[in-house]
Each structure stands twice: as structure tokens, then as C-alpha cells.
Amino acid sequence: MPARVKPVNNPFRFGRIVSGEAFTDREADLMVLQRELRDGQNVLIEAPRRFGKTSLILEVKRRLEAEGIPVAYLDCMLVPSRARLADRLASAYLQAFKTPAQRAEDWVLQHLRAFRVRPSLSFDDQGHTQLTFEAASAGAPNLDALLEQLFSEPEAIARERKLRLVVVLDEFQDLMELGPSLLRLLRAVIQQQKHVSYAFLGSRQALLRKAVHERSAPLLKIARPYPLGPLPSDEFATFILARFESSGRPIPRKAVEALIDFTRGHPNDTQEAAHFLWEVALLPLSAEELVSTAIARVLDAEAAQMTVLWHDSAPAQRNLLTALVEWGGRNIYSEAYRRHANLGPATTVQRAVQTLLERELVDLDPGGAYMIKERFFEEWIRRRIVRGEL
């Protein structure tokens, strides 16, 4: 009986938080963020969606906790209301700041018994402890008072235990949708704290401007800005090549470099494209053909999402997206550009640009040209709409 061949696993993961050997090296960023938070400096980590912010901060969290610094983590994207924010924040504190020797009930009694709204303790399907407040029926004044107490609690715990604590608020700009007064309340509390460091992570530019960048922003200058850029191309290429080699599918460096050039070094997009490049790596194709085939497979896999993005765009927006692919993004309001791309009046273009900016489908690059933010969406438009490929 022939020996069973052990299957080889695809080493590239995308669309989820990564850790361990799947985590692409960002050692310089890790060291800076770990040092700043340890030393009491708040940080604001900004980057586009799927850029690896969460994977990065969770590795920082792991390292800080190994030093004995407790870290509470909250994903604000999952918070639909102020009442739910109170529940999630209290649960994050409990998970992070309770000592191993403490029972959850004892921790709650010790730290939350003086709260105006009393918490209830429960367990989810996975056995994780959760705290909930009857805050929804407590009325807005009591709810705001409860949130103020919760924002203040990490400093009280840090003083009591005589150590530094860290609180991570991932996609914090989403809290703006619960009302700007919420972030003003947060600022009023945390700017008085001396023993708690905060890491704010954000990606939605329209909300970030309102939350931290405009002169009237509630969190203006509350933290050190730390924009997260693409990974250095050479280091990223070396990492990807090593993953191909270790899985028994060596590939020309030229192909990997072309892949990174296509994705502009976007971490998740590069991992996704590399996932499909690994699938076709054994085909008898040139480096250029391998990359093109891998990208075609990505577009096939993402076709449903791309189609939704396209159909959710009004005709003027579709015309502009197509023009950006065909003619680039400079001087789009000029009469020559609008006539060449059949875009109509400048006011129509202006409205289309504003909507696409709000939808975060386009952005303005440092050189003053408009560009489509999603690289795969741009390529989908090029292949499906401009060229008419199936």
C-alpha cells in the first residue's frame, strides 16, 4: 500500500488577526509602542483597514503583560450604544485587571460596588465572564455618570495596585457615532490620569478627522500620533519568500516583488494575494504570469464584495471610479479631464468625490491626486469594467 502523502498547508493567512510565525515582522514598531505605553505615553495608531493594527497591538499587549503590565482591550466597532459600551468596558477591565487569585465576584464587589448602576455577572457560551448593567433603563444622566465612573476606574485600580495599566480602544473613532460628548467626557477623565496609558487605534478617516484632527476635535492632541505605514518591501519580500520555501514551494523573488508592488505593501492584501500565489506556484508559468493568475483568483474570490461596492455606487460615482482607473486622479475638475472622461459638470464630479470620500472608497494621495483606496477594487474595475474581462 503506498505511503500516504502528508498534505502541505498554505502558510498565508488573511482576513483575521494573526500571531506567532504568521505575524509579519514589525519589530521596530513593536519596540516603540511597547516603550511608549510602558512609559505612560498615550499613542494614536492610524492606518487603513486590514493594515495589521489589531495584530500589532495584540502583540504589544502580549509583551507588556509578560512584563507584568495588565492591558485591557476593547473593540469599539462592536459597541452599538452607550449602554453596551458600559457592559463591554467593564467586562474588559474584569478580564484584564482581575488577579489570578481573585474570584470574579470578589473583584466586582471590590471595584464596582460603589457604582450608581449595579452590575450583573454572567458567562458566555465559551465560559468567559461578562458584566452587564441595567443601564439602558437608567436614563441618560445615570448612564453618563456610569461611563464617567468606568473611565475613571483604571486609574483607581492602578493606584491601588501601584503599577501601570494600559487600555486599548480599537477603532475608537466609532464612538463618535454615539455622540461627540462621549469622547469629550473620556478626555476630561483620562487627561487627569497618571498611571494609565491609552492606545487609540483608528482607520475611518472621516470620523478620525472629527475625533482627533479638527481644531474642535474632542481628543485633539491627546496622544502621540503613530501612523502605521506599509511594511518595508525588502523585509516583506524576504518574509514571504521564507514562507514559500518552508512550505516546499520555492518561487522567484521577482514574482514576490511584483506582488508587493501590486498591493503597494498593504499587509492583508499582500497576504491574500500570496495565499493565491502559493496555490498556483507549481504551474509552468513565468513570474509575471504567476502574479497575474494569482490576482485573477483573488478577484474571483472577492467578486461578490466588489459587485456590491459597484452597484452601491450611483452612476456619477461609477463614472468617476472608472475615470480614476483609466486616466489617473490628477486635475479631475478640469474641463479637459471631465470632457475626456465624460464626467459632466464640475459640481457633479464634486458631489461624487465627496460621497466616495465619505464611503472611504477614494482618497487624496500626498501628491494631490485622487486614488481608489482598495487595490483589488481598482483592479476589478480595470479588468471587469474597463477591459470587459469575464
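Residues numbered from 1 in each chain as written. Predicted model: local features only at pLDDT ≥ 70, side-chain atom pairs only at ≥ 80, totals over all residues. Heavy atoms only, no water.

Q: Which parts of the structure should I look at to understand the packing of helix H11 (residues 287–301) against helix H16 (residues 375–386)?
A: Each pair of packed helices can be described by the angle between their axes along with the distance between the axes. In the contact formed by H11 and H16, the axes pass within 10 Å of each other and the chain directions differ by 100°. Between H11 and H16, the interaxial angle falls into the category roughly perpendicular. Facing H11, whose interface residues are Ser292, Ile295, Ala296, Val298, Leu299 and Asp300, H16 presents Phe376, Glu379, Trp380, Arg383 and Arg384. For the contact of H11 with H16, the class distribution of residues is 6 nonpolar, 1 polar and 4 charged. (Axes fitted to C-alpha atoms, helices over the stretch in contact; angles between N-to-C directions. Helix = DSSP H or I, 4+ residues; strand = E, 2+ residues; numbered from the N terminus. Parallel < 35°, antiparallel > 145°, perpendicular 65-115°, else oblique. Contact = heavy atoms within 4.5 Å. Nonpolar A, V, L, I, M, F, W, Y, C, P; charged D, E, K, R; others polar.)

Q: Please explain empty space enclosed by the protein as it appears in this structure.
A: Empty space among the atoms can be located by rolling a probe the size of a water molecule over them. This structure, assessed with the given rule, holds 2 cavities of 30 Å³ or more. Approximately 60 Å³ is the volume found for the largest cavity. Around the largest cavity, the lining residues are Leu74, Leu85, Leu89, Tyr93, Phe151, Val167, Leu169, Leu175, Leu186 and Tyr198. Of all the secondary-structure elements, those providing two or more residues to the lining of the largest cavity are helix H3 (82–97) and strand S5 (165–170). With 3 residues, the top contributor of residues to the lining of the largest cavity is H3. Across the lining of the largest cavity, the residue classes tally to 10 nonpolar, no polar and no charged. Quantified by volume, the second largest cavity comes out at close to 30 Å³. Secondary-structure elements contributing two or more residues to the lining of the second largest cavity are helix H13 (315–327) and helix H15 (346–358). When residues in the lining of the second largest cavity are grouped by element, the largest group, 3 residues, is from H15. (1 Å grid on protein atoms, 1.4 Å probe; cavity = no way out; pocket = protein on both sides within 12 Å on 5 of 7 lines; lining within 4 Å. Points joined across faces, edges and corners; volume = space filled by probe spheres on them.)

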